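What follows is each chain in one-letter form.
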Amino acid sequence: MDHSNMPQGSHADVMAARAQHMVEARGTVRRVNAARREITLQHAAIPQVSWPAADMIFPVGPSIDLSRLSPGQPVQFTLHRAPNGSLPLVELCPAQGVHVTPGLCADGMNHGAMDHSKMNHSAHGTHD
């Protein structure tokens with residue numbers, strides 16, 4: 001992920017700025033379709049974006065290593081609040097612990113984050 005537009009400052013300041021345009025959640029991998037660059041995730045309700053619990057198919061960028069993911073694996077993922085209202089999945093990494101860890105999949109954490117500045121923000125996840 002490109003953090004060049006994020007404010008410089010303390011870790012707390014950076015995380016607060018990140019929280020304004022990123023939504024982090026946990027889910028479980030249901031299916032991986034490497035040929036189509038898609039992953040199906042089962043997730044609980046995500047109240048920050050008014051999503052009910054669902055199985056959703058998300059397109060993923062080339063910097064996310066799908067070969068490291070398998071059905072049944074718990075993951076953490078990040079949705080970006082794009083200016084056009086879409087919520088593309090921009091970060092994905094193996095979950096750690098039982099709670100969302102703020103910034104876990106962020107660039108520099110070496111968990112397969114992707115640069116969402118190059119993404120087509122019109123892509124939406126779809127209910128399975």
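Predicted model only: the values in this text are computed from it and were never measured.

A. Seen up close, the confidence of the model for the protein. Confidence in the prediction of the protein, expressed as mean pLDDT, is 79, and 70% of residues score 70 or more. The least confident element of the protein, judged by mean pLDDT, is strand β6 (residues 126–127) at 46; the most confident is strand β2 (residues 38–43) at 97. Confidence over residues 109–128 falls short of pLDDT 50; this stretch has 65 contacts with residues more than four positions distant or in other chains.

B. Here's a closer look at the packing of aromatic side chains. Using the criterion set out here, one finds two aromatic pairs in the structure. Ring centres of Trp 51 and Phe 58 lie 6.3 Å apart, and the angle between their planes is 35 degrees; on these two criteria the pair is classed as tilted. In terms of burial, Trp 51 and Phe 58 fall into one category: buried. Between the aromatic rings of Phe 58 and Phe 77, the centroid separation amounts to 5.8 Å while the plane-to-plane angle is 45 degrees, which identifies the pairing as tilted. In this pair, Phe 58 sits in strand β3 (residues 54–59) while Phe 77 sits in strand β4 (residues 74–80), placing the two residues 19 residues apart along the sequence. Residues Phe 58 and Phe 77 agree in their burial class; the two are buried. Site record: aromatic cluster; members linked through ring pairs are Trp 51, Phe 58 and Phe 77.

The rules we used
Residues numbered from 1 in each chain as written. Predicted model: local features only at pLDDT ≥ 70, side-chain atom pairs only at ≥ 80, totals over all residues. Heavy atoms only, no water. pLDDT = per-residue confidence, 0-100. Helix = DSSP H or I, 4+ residues; strand = E, 2+ residues; numbered from the N terminus. Contact = heavy atoms within 4.5 Å. Phe/Tyr/Trp six-rings, centres within 6.5 Å; stacked < 30°, edge-to-face > 60°. Buried < 20%, exposed > 50% of the residue type's maximum accessible area, 1.4 Å probe, protein only.

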